[in-house]
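# Tertiary structure, described
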Number of protein chains: 2
Amino acid sequence: MASATIRDVAREAQVSVASVSRVLNGSDNVRPEMRERVEAASRRLGYTPHAGARSLSLSRAHAIGVMLPDLHGEFFSEFVRGMDREAAKAGLQLLLSNMHADAGQAVEALKTMRGRVDGLIVMAPDIDPALLFSHLPQSLPAILVSSDCEGSAHPQIQVDNMGAAEVIVDHLVASGYRNIVHISGPAGNREAVAREHGYREAVRRHGLSPRVIQGDFSEEAGTAAASEILRNRDGADAVFAANDMMAVGALVVFRDAGVAVGGEMGLAGFDDVPLARLISPSLTTMRVDIAGIGARALTMIAAIVNGDTAPDSEPLRPELIIRQTTKAGK
Amino acid sequence: MASATIRDVAREAQVSVASVSRVLNGSDNVRPEMRERVEAASRRLGYTPHAGARSLSLSRAHAIGVMLPDLHGEFFSEFVRGMDREAAKAGLQLLLSNMHADAGQAVEALKTMRGRVDGLIVMAPDIDPALLFSHLPQSLPAILVSSDCEGSAHPQIQVDNMGAAEVIVDHLVASGYRNIVHISGPAGNREAVAREHGYREAVRRHGLSPRVIQGDFSEEAGTAAASEILRNRDGADAVFAANDMMAVGALVVFRDAGVAVGGEMGLAGFDDVPLARLISPSLTTMRVDIAGIGARALTMIAAIVNGDTAPDSEPLRPELIIRQTTKAGK
DNA sequence: CTGTTAGCGCATTCAA
DNA sequence: TTGAATGCGCTAACAG
């Protein structure tokens, strides 16, 4: 049996559909008696407006589309939680779409959102936003999250990855380490590139020499990199991994090899996933307020959709979380 | 500037809107030449169909609504990943809604999905499904995930929480432990109740006596419970926590107190979160294929929406992951 | 094979 | 204050 429509309610309440619409949308120019009648009828029929029809008529879907890369764990859940919190406040729904594989599919996914959402939140560290949006209805407002890309036409929420990487290298140097190896994120990932950039900059500033092992944000990459470091025994005394998962992979290798992490060997990650605190020894890292990013992204797109001028926010600065201290013997 | 509509495309290609619709929906009865013309025009205008209008006309939204409780970390991301994987295959979008606080809000959230989605996947371990669905358009197909509740009118994806709890208690007993304490999940949570049920059943079967400390799935609850156990020193030689996070909380307390976890003190969790493997000593636990549950949920609701008879699946059986072994001295 | 048209459910003008 | 009528963008039934 099909759901009740506004017409069913109108018939049940013996009024016109226009009146039903007025009552349900809180127009003030309705007599209390009619309001009563309509509300009763609506309740009796268990009426709920059809969002599709509503969106067609209002040109407003009251929903925001979200396009994310393949995120894992807390990163994903916290980001969505932050958005959801604000979305609930603003009376907006969240339409989620994971980005698979190539840019072509991503564009397709974005397209299916037209007429379904009022705005887009896009996190696409691996894809050129220009390409992504070139095929898009330009009438759909969109914002980019943490893309570290210059000169986009779309507003962005930035995270200061480069500055944060410098902070952590500075900390390692201050702790007495001099031969700091960087395990990088996937090539082409803009966040990873920014972090490597910061690493190189800080190392240069301290008059040290950079050394980068290519990684890909996976625990296995950390494992591999650490094994390589142990194999070479080339004087490396600290590792800065571009994210926590790689740092954890490295940590396990060092631990198993009897290398004192936090003493003989410095180690730092990036993200402050929960695991960073719970693993032992726990991990020095940069904390990113992921839920906060999500919340800001939603607030911003909601403002744009409402025609308010979007307050273009300054970059979010991650916070240094120190859990290991100085190099032994220093 | 508003997006191009099907009419704009029709005008641009000098054909009728019906033809445009036919071309774009892959009807076979169109001359290649016209197909060509329409596709060109569509491309030129960057046309994308309006999902709202489409849904209105087709009575199909090509989207599935998902209502989740406040999930964290891998649990959330894996579940969504599983659904998303199948959704992409089936050409469906995912409309996500976190369940906040009380049942009333949940019902409201469900209502706003009408006309927006073709079916619902609901995970609500803390809310009575009957209540949830009583206010719902009965025309909206819905399935319940892991609700461990009998006699619902809606199809369900079940996880055999009770059986799994028995398995893990059996394992602890087989490892030589006799005095097994259970840290339970939140009262009123059906999954938690099922696990406690299994614990009690297995303990009874082995002729041992049950002892339950009330928890709430949080790490802190595990911490508190373990502290209590240490304080009392009442002969408890093993702990089965209703989830991994509580087990981790307990583990840290035991570790800090110098209690040999896995030897002197048995410990087991439930879920197999990534942390369970990485923490040291790593955790014996039950692995639940969370992505698999999500995938099955989506496959099932998709089948129902398509009018296929839903293959009512049998309960998913978690897998025992042994990472600690026998009681020392046995 | 193609065009015309009705109608999906709703909000909203315009009249009354 | 209320009702009748129009249109939002699209698909499908019907005619040609």
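Please read these numbers as outputs of a predicted model, since none were measured by experiment.

Here the focus is the relation of the copies chain A and chain B. Think of it as a corkscrew move, a rotation about one axis and a shift along it, taking one chain copy to the other. Its rotation angle being 180 degrees, the transformation that places chain A on chain B also includes 0.2 Å of axial translation and leaves an RMSD of 0.2 Å. Viewed as a symmetry operation, the transformation between the two copies matches a two-fold axis. Residue by residue, 100% of the interface of chain A is reproduced at the interface of chain B, so both copies engage with the same surface.

If you trace the 10 strands from one edge of the open sheet to the other, you get β5(A)-β4(A)-β3(A)-β1(A)-β2(A)-β2(B)-β1(B)-β3(B)-β4(B)-β5(B), paired in mixed fashion. Bordering the open sheet on either side are β5 (156-157) of chain A together with β5 (156-157) of chain B, each of which pairs with just one other strand. Pairing analysis gives six bridges linking strand β1 (residues 63-68) of chain B to strand β2 (residues 93-98) of chain B, with the strands arranged parallel. Bridging from a neighbouring strand, M67 of chain B pairs with S97 of chain B of β2 of chain B. Across the sheet, helix α13 (residues 290-305) of chain B lies against β1, β2, β3 (119-122), β4 (142-145) and β5 of chain B, angled at about 160 degrees from β4 of chain B, the strand it touches most.

Another aspect to go through is the pairing of strand β8 (residues 238-241) of chain A. Residue and element names in this part refer to chain A. Because side chains alternate across β8, one face comprises the buried residues A238 and F240, and the other comprises V239 and A241, equally buried. Inspection of the sheet shows strand β6 (residues 180-183) paired to β8 by four bridges, in the parallel sense. Paired with I180 across the two strands is A238, which belongs to β8. Across three bridges, the pairing between β8 and strand β9 (residues 266-268) is parallel. Bridging across to β9, V239 finds its partner in L267. The parallel pair β8 and β9, bridged by helix α11 (residues 244-256), forms a crossover whose chirality is right-handed.

In this section: the protein's contact with DNA strand D. The full set close to DNA strand D counts 25 residues, and S19 of chain A together with I6, Y47, R54 and S57 of chain B are the nearest of them. Counting only the atoms of DNA strand D that lie within 4 Å of the protein, the sugar and phosphate share comes to 71%. Between DNA strand D and S19 of chain A there is a distance of 2.6 Å, counted from a phosphate oxygen to a side-chain nitrogen or oxygen. One of the side-chain N or O atoms of R54 of chain B is found 2.6 Å from a phosphate oxygen in DNA strand D. At the level of elements, α2 (17-24) and α4 (51-58) of chain A together with α1 (6-13), α2 (17-24) and α4 (51-58) of chain B are the ones that each hand at least two residues to the surface near DNA strand D. Residue contributions to the surface near DNA strand D peak at four residues, all from α4 of chain B. The residue inventory of the surface near DNA strand D, partitioned by class, reads 11 nonpolar, nine polar and five charged.

What follows deals with the interface of chain A and chain B. Contacts between the two partners involve 54 residues from chain A and, on the opposite side, 54 residues from chain B. Summed over both partners, the interface of chain A with chain B comes to about 4,500 Å²; 51% of that surface belongs to carbon and sulfur atoms. Looking only at chain A, the three residues that lose the most surface to chain B are Q93, R114 and L278 of chain A, adding up to 16% of its buried area. Our count for the chain A to chain B interface comes out at four salt bridges.

Mapped onto the secondary structure, G266 of chain A falls in strand β9. Leave out the neighbours within four places in its chain, and G266 of chain A touches Y177, D237, A238 and V239 of chain A.

Another aspect to go through is the sheet that holds β6 of chain A. All names here are of chain A. Strand order in this open sheet of four strands is β7-β6-β8-β9, and the pairing throughout is parallel. A strand with exactly one partner marks an edge of an open sheet, and here the two such strands are β7 (211-213) and β9. On average, each strand axis in the sheet is inclined to that of its neighbour by 20 degrees, with strand direction left out of account. Bridge count for β6 against β7 is three bridges, and the pairing is parallel. Bridge pairing in β7 links I183 to I213. This element, helix α10 (residues 219-232), spans β6, β7 and β8 of the sheet and lies at about 130 degrees to β7.

A few words on the environment of V30 of chain A. Residue and element names in this part refer to chain A. Tracing the backbone shows V30 in the loop between α2 and α3 (32-45). Taking the C-alpha atoms as reference points, V30 and S19, 11 residues apart in sequence, are found 7.7 Å from one another. Excluding residues within four positions of it along the chain, V30 makes contact with R22, V23 and R35.

Moving on, we get to the pattern of salt bridges. Residues and elements named next belong to chain A. On inspection of all chains with the given rule, the structure shows 38 salt bridges over all chains. A salt bridge links R205 to E166; the shortest N-O distance between them is 2.8 Å. On the criterion of sequence distance, the pair formed by R205 in helix α9 (residues 190-205) and E166 in helix α8 (residues 161-174) is long-range, its members being 39 residues apart. Overall, the relative accessible area of 41% leaves R205 in the partly exposed class. Between D234 and R211 there is a salt bridge, with the nearest N and O atoms lying 2.4 Å from each other. Placement of the pair is D234 in the loop between α10 and β8 and R211 in strand β7, with a sequence separation of 23 residues.

Attention now moves to the packing of aromatic side chains. For the coordinates displayed, the defined rule picks out three aromatic pairs over all chains. Aromatic side chains Y199 of chain A and F240 of chain A sit 6.5 Å apart centroid to centroid with 45 degrees between the ring planes, which places their arrangement in the tilted category. Of the two residues, Y199 of chain A sits in helix α9 while F240 of chain A sits in strand β8, which places them 41 residues apart along the sequence. Comparing Y199 of chain A with F240 of chain A, the two get one shared label, buried. Its end group placed over the ring of F270 of chain B, R195 of chain B keeps NZ or CZ at 3.8 Å from the ring centre.

The next thing to look at is the protein's contact with DNA strand C. Near DNA strand C you find 25 residues, and of these I6, Y47, R54 and S57 of chain A together with S19 of chain B are the closest. A share of 69% of the atoms of DNA strand C within 4 Å of the protein falls on sugar and phosphate groups. A distance of 3.2 Å separates a phosphate oxygen of DNA strand C from a polar side-chain atom of N25 of chain A. Taking S19 of chain B, its side chain carries an N or O atom lying 2.7 Å from a phosphate oxygen of DNA strand C. Secondary structure elements with two or more residues in the surface near DNA strand C: α1 (6-13), α2 and α4 of chain A together with α2 and α4 of chain B. Among the elements that line the surface near DNA strand C, the one with the most residues is α4 of chain A, at four residues. Residues of the surface near DNA strand C, tallied by class, amount to 11 nonpolar, nine polar and five charged.

On to the domain arrangement of chain A. What the domain assignment reports for chain A is domain 1 (6-49), domain 2 (61-159 + 290-316) and domain 3 (161-287 + 320-327). Relative placement of domain 1 of chain A and domain 3 of chain A: their C-alpha centres are 63 Å apart.

Further remarks concern α10 of chain A. Here α10 of chain A is 14 residues long and its end C-alpha atoms lie 20 Å apart, about the 20 Å a rise of 1.5 Å per residue gives. Within α10 of chain A, burial applies to E219, A221, G222, A225, A226, I229 and L230 of chain A. With its buried residues spanning 165 degrees around the axis, α10 of chain A presents them on a single face. Looking at α10 of chain A, the residues exposed on the side facing more than 90 degrees away from the buried face are E220 and R231 of chain A. The secondary structure elements touched by the buried residues of α10 of chain A are β6, β7, β8 and α11 of chain A together with α12 (274-278) of chain B. Once α10 of chain A ends, the next one or two residues include R233 of chain A, with phi positive near 45 degrees.

Rules and cut-offs
Throughout, residues of each chain are indexed from 1 in the direction in which the sequence is written. All chains are assigned letters beginning at A, and all ligands numbers beginning at 1, according to the order in which they are written. Selection of residues for local features in this predicted model requires a pLDDT of at least 70, selection of side-chain atom pairs for listing and counting requires 80 or more, and totals for whole chains, interfaces and linings are taken over all residues. Side-chain descriptors were evaluated using all non-hydrogen atoms of the structure, hydrogens and water having been removed beforehand. Only residues with pLDDT of at least 70 in both copies count here: their C-alpha atoms drive the least-squares fit that superposes the copies. Throughout, a residue-residue contact means that at least one pair of heavy atoms, one from each residue, lies within 4.5 Å. Here, a strand pair is defined by DSSP locating no fewer than two bridges between the strands. Counting from the N terminus, the helices are DSSP H or I runs at least four residues long and the strands are E runs at least two residues long. Throughout, an axis means a line fitted to C-alpha atoms (over the contacting stretch in the case of helices), and angles, computed between N-to-C directions, take values from 0 to 180 degrees. Here the term buried applies to any residue with accessible area under 20% of the maximum for its type, exposed to any over 50%, and partly exposed to those in between, with areas from a 1.4 Å probe on protein chains only. By convention a crossover is right-handed if, when the strands point away from the viewer, the path from the first strand over the helix to the second runs clockwise. One heavy atom within 4 Å of a molecule or strand is enough for the residue carrying it to be called near that molecule or strand. Any N or O atom pair separated by 3.5 Å or less is treated as a polar contact, with the protein-specific requirement of one donor-capable and one acceptor-capable atom, and with residues adjacent in sequence counted only for side-chain atom pairs. Side-chain classes follow a simple rule in which Ala, Val, Leu, Ile, Met, Phe, Trp, Tyr, Cys and Pro form the nonpolar group, Asp, Glu, Lys and Arg form the charged group, and the remainder, Gly included, forms the polar group. Defined in terms of a 1.4 Å probe, buried area is the accessible area two parts forfeit on being brought together, summed over both. Salt bridges are defined by distance alone: a side-chain nitrogen of Lys or Arg within 4 Å of a carboxyl oxygen of Asp or Glu. Side-chain rings of Phe, Tyr and Trp, where Trp is taken by its six-membered ring, are said to pair if the distance between their centres is within 6.5 Å; with planes under 30 degrees apart they count as stacked, over 60 as edge-to-face, and otherwise as tilted. Two conditions define a charge located above a ring, namely a distance within 6 Å from the ring centre to NZ of Lys or CZ of Arg, and an angle within 35 degrees of the ring normal. Delimitation of the domains relies on an automatic or database domain assignment. What a helix should span is 1.5 Å times the count of its residues minus one. Here the arc refers to the set of directions running from the helix axis out to each C-beta atom.

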